[in-house]
Amino acid sequence: MVYILGLALILRLVLINQSLWLDEAIEALALMGRMGPLLTYALADFQPPFYHLIGWLWTSMAGYSELALRTPSLLAGLGTVYFAARLGKEFGGKKIMYLAGLLTATNPLLIYYSQEGRTYGLTTFFVTAAIYYFYKVLTNPKNKLFTIYYVLFTVAFLWTSYLSWFLHLALFVYALFLRRRDLIISQILAGLTLIFWLPSLISSLGIGLNTVASSPEWGSIVGGISLKALALTWVKANIGRISIESDLLYGTVAVSLLSLHIFVLSRIKLKSYLSNKNYQLLLVWLSAVPIAAAASLILPVYSYTRIMFVVPAYLLVLALALSHTRLRYAALIISLQLLSLGYFWVNPEFHREGWREVVRDHGRGATYALPSRAQNAPLLYYGVPRSQIIEPKTNVELKSKSIIYIKYAEEV
């Protein structure tokens, strides 16, 4: 386990010091108090506030550098590897523990969001830990400590991501199906904590519905549901944030990889899959995808990033299947994950937006023009005065001889 966690740490440290991109910079400014009181910002954000609280506590001690802002996600990424491996051990011993640990440690999408100062990596960690303790309560009902841990981690993921609420609903239904009074009560107790956040949720829903009504195109950009979005969820879960310019080549790679995974997953007998509680729990975990997709028919909230907390579930299913195959198939899938990761590393076009480099190359004294000043957070974070950030339609006397126009989200 130590070696797997060491590998996971090394892979997650590569490129972790990239420039902040827009959403990370907005979060950084909020934590620095430059967007008003943090609670006011959290109330306006379309996510529950727990990540902001963790970020505030951490940055008040560690500062606001790129590395400091991303450290909570880095630690959460390691925690996800740990609990995925522990679940593997519970499901089938050390062989599945090592398979699950290695698959999670080398997964390019999980690595990417272990390096981002946003909520997705933390949500994935909380969900994975909660599922682990759900299983422990399921198999050791007399140990009340497991129940306490389960409730705590469930509360944590509920207060970190709205889409995780769909998983909570699925687990509640599963607890009813099992007729486990202790798990039903745990689900209810964790869910009741959300009463305090309902006014903010109702406000966010109103804003979201109004935005979609006035600008349907924006809804399709931020979270529209489609067959392509569902397919992309699986593809990105396996190859990460890379893409291939040729659609034909990209499709060929995706279909080839899918064929390999289908072959491996076919090692699991369907009857065993449906009757075994290990597989049942993983299916419940994965059911958050279709539930979130259905909800997105009303309010567009679906994206593979927001539903990323199901990736460890898929990797655990894969680990269980690989335990019934020859070792070379596990080596092949892990090698393909590392190949995708390496392709990401050597291609700057897939890296985060280089705002730091823009300011470094042109200086803080230049005037920067954006299609909309709503995207000015990265420039502010890297020290450009607000007065030197303009929109093309602005009519002011410019003191700078240099104007840098950045076509950020110009089409939108």
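That block above? That's the structure.
For the structure given in this document, a descriptive report is provided here.

Calculation criteria
- Residues numbered from 1 in each chain as written.
- Predicted model: local features only at pLDDT ≥ 70, side-chain atom pairs only at ≥ 80, totals over all residues.
- Heavy atoms only, no water.
- Helix = DSSP H or I, 4+ residues; strand = E, 2+ residues; numbered from the N terminus.
- Buried < 20%, exposed > 50% of the residue type's maximum accessible area, 1.4 Å probe, protein only.
- Contact = heavy atoms within 4.5 Å.
- Areas by Shrake-Rupley, 256 points an atom, 1.4 Å probe, with all protein chains shown as cover.
- Lys, Arg positive; Asp, Glu negative; His and termini not counted.
- Charge placed at Lys NZ, Arg CZ, Asp CG, Glu CD.
- Phe/Tyr/Trp six-rings, centres within 6.5 Å; stacked < 30°, edge-to-face > 60°.
- Lys NZ or Arg CZ within 6 Å of the ring centre and 35° of its normal.
- Polar contact = N/O pair within 3.5 Å; in protein donor to acceptor, adjacent residues only side chain to side chain.
- 1 Å grid on protein atoms, 1.4 Å probe; cavity = no way out; pocket = protein on both sides within 12 Å on 5 of 7 lines; lining within 4 Å.
- Points joined across faces, edges and corners; volume = space filled by probe spheres on them.
- Nonpolar A, V, L, I, M, F, W, Y, C, P; charged D, E, K, R; others polar.

Counting its secondary structure elements, the chain contains 22 helices and three strands. Summarising its shape, the C-alpha atoms of the chain cover approximately 75 × 45 × 40 Å along the three principal directions. Counting only residues that meet the buried cut, the chain has 52% of its 412 residues in that class. Taking as baseline every contact in the chain between residues at least 6 positions apart, the subset at least 24 positions apart corresponds to 75%. Surface summary for the chain: the accessible area is close to 19600 Å², and the carbon and sulfur share equals 66%. If the 34 positive side-chain charges of the chain are averaged to one point and the 19 negative ones to another, these points end up 16 Å apart.

Attention now moves to the packing of aromatic side chains. Across all of its chains, the model carries 26 aromatic pairs by this definition. Ring geometry for Y133 versus F146: centroids 6.2 Å apart, planes at 35°, classification tilted. With Y133 in helix 8 (residues 120-139) and F146 in helix 9 (residues 144-158), this pair connects stretches of sequence that are 13 residues apart. Side by side, Y133 and F146 carry an identical accessibility label, which is buried. By the ring-pair criterion, three or more aromatic residues cluster together here, those being F50, Y82, F83, F125, F126, Y132, Y133, F146, Y149 and F153. Just above the ring of F263 sits the side chain of R267; from NZ or CZ to the centre is 4.7 Å. If you follow R352 out to its NZ or CZ, it ends over the ring of Y112, 3.9 Å from the centre.

On to the side chain of H351. Examined against the element boundaries, H351 turns out to sit in the loop between helix 20 (327-345) and helix 21 (355-362). There is a polar contact of 2.9 Å between the side chain of H351 and the backbone oxygen of F344. Polar side-chain contacts of H351 include one of 3.1 Å to the backbone oxygen of W345. Contact partners of H351, with chain neighbours within four places excluded, come to L15, Q18, F344 and W345.

Moving on, we come to unusual backbone geometry. Phi is positive for L15, which is not a glycine, with a value near 65°. Here L15 lies in the loop between helix 1 (2-13) and helix 2 (22-31). Its relative accessible area of 29% is what places L15 among the partly exposed residues. Backbone geometry at R179 places phi at a positive 60°, although glycine is not the residue there. Residue classification places R179 among the exposed positions, given a relative accessible area of 74%.

For the coordinates displayed, the defined rule picks out six cavities of 30 Å³ or more. Here the largest cavity is characterised by a volume of approximately 90 Å³. Taken together, 14 residues line the largest cavity, and the ones lying closest to its centre are Q47, Y120, S161, L163 and R306. Considering only residue class, the lining of the largest cavity consists of seven nonpolar, six polar and one charged. Space inside the second largest cavity adds up to approximately 60 Å³. Every residue lining the second largest cavity is listed: P108, I111, Y112, Q115, I239, G240, R241, I242, L341, F344 and W345. At the level of elements, helix 7 (108-113) and helix 20 are the ones that each hand at least two residues to the lining of the second largest cavity.

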